Amino acid sequence: MIMKYVIIGGDAAGMSAAMEIVRRDKQAEVTTLDKGHIYSYGQCGLPYVIDGRIPSTDNVIARSVETFRTKYGIDARTGHNVTNINSEAKTVSGVVLEKDETFHIPYDRLLIATGANPIFPDFEGSDLAGIHTLKTIPDTKAILNDLNDSVKQVTIIGGGYIGLEMAESLAELGKKVRIIQLGNQLANIFDQDMAELIHEEARQNGVELIFNEEVKGFNGEGHVQTVVTDRGEYETDFVLAAIGVQPNTNFLDGTGMHMTPKGAILVNPYMETSLENVYAAGDCASHFHRIKQKDDYIPLGTTANKQGRIAGMNMAGGANTFKGIVGTSVVKFFHLTLGRTGLSEKEAETLGFDYETHKQKAKDIAGYYPGNQEMQLKFIYEKTTQKLYGAQIIGGNGVDKRIDVFATALYHEMTLNDLLDLDLAYAPPYNGVWDPIQQIAKRKS
């Protein structure tokens, strides 16, 4: 029997699934639908296209639409906006945007991999020119088109990862950068004491920080000229809204699909939804958190690729499970690397965990070797058993290495004392005889 597979979404999760299906089911009929015209690109690289470190948006495209069609036999369709699924009739329907024609496609198994959309409240004056979000390659091209020499002052709304990356990119282009944050710190996934290091780095690089102000709207004559908050008004030539993202699942209203309160599709470990023969993966789906032991929503490209791969394997007859996340992420911010995994102290407190924390500074390599750099580490762990809950590390070189080691330790439910037994690489140009994460374990054990 020839199976008809339909995948909604042509990026990380969707195309990871499509590739698994064609590898495992040689007779598969795979149709992928995306309302855009570009498939399989690295969204995380877009800020670096804007400042020129990556020469072109072409460099972040993994495979072209034509490659999927000709090399892998996938019916990769563009400009197809899905507006409804009927799980009883097993059909997907929507509109072909360029022709303004409706389409109806039958499926045997369906994957929803529609990703997430930038949050952009209905601010007054939001239709003015010069106001942008960053999620797609067309977004990137629109930003590049607007960033001419007349743009001197830029304002970023939101201090999350995109806000931080874009602050660096725009500063690299010689722009004056301001960040307006609703709360009292940047990078809310870090604790306040660690975020102070981020604030210091921002200010040292000329970034103006405005905390505890809520954006209400924009003023200007055709083009944005000021940002209006609940406490003031700021002149600007350019605005980037980096408030966050939300699952792109509104088209599923009325389908009976089980979702989280914030609109992420609930999936089981096999990436199955509550509807028969319907799967979901990536930024539109829930992500089981191994430390919290419950469904969470932390949309990242790494997770999307993993979930998409597992969904595709199972759609093609496998029985593989997604093992969950531990909340690992890393970002470059000027001269700092910001890494975190597991729970923050704020999260541990909210969950009612009986925890302790320890902070310590350490060198990334042997202290006597030239070029060593300092990092600040913060560990969160269970008070009695010292089971690891989370880590935050901010510094120069070597932060990513330690966060990945700690993330692996979290996956295997290790304790602080267990870190001492890890056989980690040592040579003076690369490490001290006790790795920084082991130095904390040594002190606390």
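What counts as what
Residues numbered from 1 in each chain as written. Predicted model: local features only at pLDDT ≥ 70, side-chain atom pairs only at ≥ 80, totals over all residues. Heavy atoms only, no water. Patch = residues over 30% accessible without salt bridge, like charges linked within 9 Å, V, L, I, M, F, W, Y side chains within 5 Å. Areas by Shrake-Rupley, 256 points an atom, 1.4 Å probe, with all protein chains shown as cover. Salt bridge = Lys/Arg side-chain N within 4 Å of Asp/Glu carboxyl O. Helix = DSSP H or I, 4+ residues; strand = E, 2+ residues; numbered from the N terminus. Buried < 20%, exposed > 50% of the residue type's maximum accessible area, 1.4 Å probe, protein only. Phe/Tyr/Trp six-rings, centres within 6.5 Å; stacked < 30°, edge-to-face > 60°. Lys NZ or Arg CZ within 6 Å of the ring centre and 35° of its normal. UniProt positions renumbered as here; feature names shortened; annotations may be inferred. Pairing = 2+ DSSP bridges.

*Asks:* Explanation requested: a nonpolar patch on the surface in the structure shown.
*Replies:* On the surface, a nonpolar cluster with roughly 560 Å² of combined accessible area is contributed by Y368, Y369, Y426, V433 and W434. With respect to the element layout, Y369 can be found in the loop between β23 (355-363) and β24 (374-382). A relative accessible area of 33% places Y369 in the partly exposed class.

*Asks:* What am I meant to see in the packing of aromatic side chains here?
*Replies:* Describing an aromatic ring pair means giving the distance of the ring centres and the angle of the ring planes. Summed over all chains, the structure comprises seven aromatic pairs. Ring centres of Y39 and F68 lie 6.1 Å apart, and the angle between their planes is 50°; on these two criteria the pair is classed as tilted. Remark: F68 occurs in helix α3 (residues 65-70) and Y39 occurs in the loop between β2 (29-33) and α2 (46-50); sequence separation between them is 29 residues. The residues Y39 and F68 share a single accessibility class, namely buried. Plain terms: the ring middles of F68 and Y72 are 6.4 Å apart, the flat faces sit at 45° to each other, and that makes the pair tilted. The exposure class of F68 is buried, given its relative accessible area of 0%. A relative accessible area of 23% means that Y72 is categorised as partly exposed. It is R290 that lies over the ring of Y411; its NZ or CZ is 3.9 Å from the centre.

*Asks:* Would you take a moment to explain the UniProt feature "domain: Pyridine nucleotide-disulphide oxidoreductase dimerisation" (unreviewed entry) in the protein chain for this structure?
*Replies:* Per the UniProt record, the feature "domain: Pyridine nucleotide-disulphide oxidoreductase dimerisation" (unreviewed entry) sits at residues 330-431. The span residues 330-431 carries 19% helix and 36% strand; its end-to-end C-alpha distance comes to 20 Å.

*Asks:* How should the pairing of strand β25 (residues 388-395) be read in this particular structure?
*Replies:* On a regular strand, one side chain projects to one face of the sheet and the next to the other, so that they alternate. The buried fraction of β25 is high, at eight of eight residues. Strand direction decides the pairing type here: strand β22 (residues 336-342) and β25, joined by six bridges, are antiparallel. Bridged to G342 within β25 is G390. Pairing between β24 and β25: seven bridges, direction antiparallel. For M375, the partnering residue across the bridge sits in β25 and is G395. Between β24 and β25, which pair antiparallel in sequence order, lie five residues; one of them, Q386, sits at a positive phi of approximately 60°.

*Asks:* Honestly, the pattern of salt bridges in this entry has me stumped. Any pointers?
*Replies:* Two side chains carrying opposite charge are able to pair once their charged atoms lie near each other. Going through the model one piece at a time under the given rule, you end up with 21 salt bridges. We note a salt bridge from R309 to E20, for which the minimum N-O separation is 3.7 Å. Taken together, the residues span a long stretch of sequence, with R309 in helix α7 (residues 301-315) and E20 in helix α1 (residues 12-24) at a distance of 289 residues. When its relative accessible area of 43% is taken as the criterion, R309 is described as partly exposed. According to the relative accessible area criterion, E20 is buried, its value standing at 9%. For K361, the salt bridge identified is with E374, shortest N-O distance 4.0 Å. One end of the pair, K361, is in strand β23; the other, E374, is in strand β24, and 13 residues separate them in sequence. Look at K361 and you get exposed, because its relative accessible area is 53%.

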